[in-house]
Amino acid sequence: MIYRGRFAPSPTGPLHFGSLVTAVASYLEARAAGGQWLVRVEDLDTPRVVPGSADQILSTLEDFGFEWAGPVLYQSTRNAAYESAIARLLSSGQAFPCSCSRSEIEAAQSHVRLPGEDAHYPGWCRNGVREPNRALAIRFRVEEEAVEFEDRIQGQVSIDLTTEGGDFVIRRRDGLIAYQLAVVVDDHDQGISHVVRGVDLLNSTPRQLVLQRALGFEHLEYAHVPLVIDRNKMKLSKSAGAGALDLQRPTHDLWRALRFLRQSPPLELRLSGLSTLWEWAIQNWQVHSLRGLREACEEML
Ligand code: GLU
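**Student:** Looking at this structure, I do not really get the pairing of strand S5 (residues 137–140). What am I missing?
**Tutor:** Across a regular strand the side chains alternate sides, sitting on one face of the sheet and then on the other. In S5, alternate side chains face the same way, and those of Ala137 and Arg139 on one face and Ile138 and Phe140 on the other are all buried. Of the pairings in the sheet, the one linking strand S4 (residues 95–98) to S5 comprises 4 bridges and is antiparallel in character. Its bridge partner being in S5, phenylalanine 96 is matched across the sheet by arginine 139. When S5 meets strand S8 (residues 168–171), the two strands line up antiparallel, connected through 3 bridges. Pairing of phenylalanine 140 across the sheet is with phenylalanine 168, part of S8.

**Student:** Would you explain the packing of aromatic side chains in this entry?
**Tutor:** Remark: the centre distance and the inter-plane angle together describe each pair of aromatic rings, the angle taken between the planes. Evaluation of the coordinates by the stated rule reveals 10 aromatic pairs. Ring centres 6.5 Å apart and planes at 85 degrees place the aromatic pair phenylalanine 17 and phenylalanine 260 in the edge-to-face group. Placement of phenylalanine 17 in helix H1 (residues 17–32) and of phenylalanine 260 in helix H7 (residues 250–260) is noted, with a sequence separation of 243 residues between them. The same class applies to phenylalanine 17 as to phenylalanine 260, namely buried. Aromatic pair phenylalanine 140 and phenylalanine 168: ring centres 5.4 Å apart, planes at 35 degrees, arrangement tilted. A residue pair is termed long-range when its members are at least 10 positions apart, and phenylalanine 140 in strand S5 and phenylalanine 168 in strand S8 qualify at 28 residues. Counting every residue linked through ring pairs, the aromatic cluster contains Phe7, Tyr27, Trp37, Phe66 and Trp278. The lysine or arginine in question, arginine 139, covers the ring of tyrosine 121, its NZ or CZ lying 3.8 Å from the ring centre. One cation-aromatic arrangement involves arginine 256 over phenylalanine 17; the distance from NZ or CZ to the ring centre is 4.2 Å.

**Student:** Could you clarify how one ought to interpret the state of the cysteines in this entry?
**Tutor:** Think of a disulfide as a covalent bridge from one cysteine sulfur atom to another cysteine sulfur atom. Applying the stated rule across the entire model yields 0 disulfides. The thiol sulfur of cysteine 100 is not disulfide-bonded, and the nearest other cysteine sulfur, from cysteine 125, lies at 3.7 Å. Judged by its relative accessible area of 4%, cysteine 100 is buried. Overall, the relative accessible area of 1% leaves cysteine 125 in the buried class.

**Student:** Help me understand the environment of phenylalanine 140 in this model?
**Tutor:** Among the residues examined, phenylalanine 140 registers a relative accessible area of 5% and is labelled buried. Separated by 95 residues in the primary sequence, phenylalanine 140 and lysine 235 have C-alpha atoms spaced 29 Å apart. If we ignore the near neighbours within four places in the chain, the residues touching phenylalanine 140 are Leu89, Gln94, Ala95, Asp167, Phe168, Ile170, Val210, Leu211 and Ala214.

**Student:** What's the story with the sheet that holds S5 in this structure? I'm lost.
**Tutor:** Sheet strands pair via backbone hydrogen bonds, and the direction of the pair is either parallel or antiparallel. Spatially, S4-S5-S8 is the arrangement adopted by the 3 strands of the open sheet, whose pairing is antiparallel. The outermost strands of the open sheet, each flanked by one partner alone, are S4 and S8. Across this sheet, the average inter-strand angle for adjacent strands is 45 degrees, counted without regard to direction.

**Student:** Is there a simple way to think about the site of the ligand in this case?
**Tutor:** Neighbouring the ligand are the residues Arg6, Ala8, Pro9, Ser10, Glu42, Tyr179, Arg197 and Leu201. Taking alanine 8, its main chain carries an N or O atom lying 2.7 Å from a nitrogen atom of the ligand. For the ligand, a nitrogen atom lies 2.6 Å from a polar atom in the side chain of glutamate 42. Burial of the ligand by the protein chains amounts to 76% of its free accessible area of 300 Å². When its residues are assigned to classes, the shell around the ligand shows 4 nonpolar, 1 polar and 3 charged.

Cut-off values and rules
Residue indices follow the written sequence of each chain, beginning from 1 at its first position. This being a predicted model, a pLDDT of at least 70 is required before a residue's local features are given, and a value of 80 or more before pairs of side-chain atoms are given or counted; all residues contribute to the totals for chains, interfaces and linings. Only hydrogens and water are set aside when side-chain values are computed; all heavy atoms of the structure are taken into account. Whether a residue is buried, partly exposed or exposed follows from its accessible area with a 1.4 Å probe, protein chains only, as a fraction of its type maximum: under 20%, in between, or over 50%, in that order. The way it works is that DSSP assigns letters per residue, a run of H or I at least four long becomes a helix, a run of E at least two long becomes a strand, and they are numbered from the N terminus. Whether two strands pair comes down to DSSP finding at least two bridges between them. Centres within 6.5 Å make a pair out of two Phe, Tyr or Trp rings, where for Trp the six-membered ring is used; the pair is then stacked when the planes are under 30 degrees apart, edge-to-face when over 60, and tilted otherwise. In this scheme, Lys NZ or Arg CZ marks a charge over a ring once it lies within 6 Å of the ring centre and within 35 degrees of the ring normal. By definition, disulfides here are pairs of cysteine sulfur atoms that lie within 2.5 Å. Should any heavy atoms of two residues lie within 4.5 Å, those residues are counted as being in contact. Whenever a helix is involved, its axis is fitted only over the stretch in contact; in every case the axis is a line through C-alpha atoms, and angles between N-to-C directions fall within 0 to 180 degrees. One heavy atom within 4 Å of a molecule or strand is enough for the residue carrying it to be called near that molecule or strand. A 3.5 Å cut-off defines polar contacts: any pair of N or O atoms within that distance qualifies, except that in protein one atom must be a possible hydrogen donor and the other a possible acceptor, and neighbouring residues in sequence count only when both atoms are side-chain atoms. Every accessible area reported is derived by Shrake-Rupley at a probe size of 1.4 Å, with residue values counting cover from the shown protein chains alone. Each residue is assigned to one class: nonpolar for Ala, Val, Leu, Ile, Met, Phe, Trp, Tyr, Cys and Pro, charged for Asp, Glu, Lys and Arg, and polar for all the others, Gly among them.

By themselves, these are just geometric observations and shouldn't be taken as functional.
Next up, the structure:
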């Protein structure tokens, strides 16, 4: 099987230690398998995009010695592909228009939600739009079933989407294409076979699997890398200023990333050149060392 992996940063700020760890893991999985590695800039969520940060991320990846195949794909150029996938899902009845606003849905929730947890969609527009004159979102219709997959790091995962959020948005009411839909269309069009990304996206994978099935695409293989957290158990990217990379000493940060990824890089390689360290890392890459690990605090290793 041809291995094609990818790294898909959102340009919402500079590359930090947490995203470096994900990039390193996905790169090493691809390189150790003799495969290709692509880069895609996920610049769809325009309100969150920080101007200049896509170029900054790409130049940081270059400084770290990453080599990617082909041109970088920008999601902002891909609207026609997303719209044609949505049109197919609408015409097959696997997606439907929905007029419900987020605040209406949230107000109808009886239980207290955890931070970051989406409100459960009560299915109000499933059998016909309630308020056709309003701006409409498009939702994907989920079936009552356990969506299962074997994650190469996290092991067996099983999620029933009807109890985990319900029918999910693929195009928002303001017209923005949702992450789930864009990723599935892009991964397919770019011929991606393996996805290696942060474990914070583990719950997105069942949504992407059902979308792949509905669109007649091949299923991909997944590996979700543990999150780097700080001493307060916060995801690194969320804690202000944390995880900044030292671009003067990329070998040092790459060595730290390898150590975080449980690869036991020899101490002396900390002072070696970048290419020597990459060579060692590709030859010695063991994804199994991460088995079952969800998160870890880098400073405490
Ligand atoms: N753009 C997402 C992020 O930066 C990653 C999406 C993915 O790898 O599927 O967190």
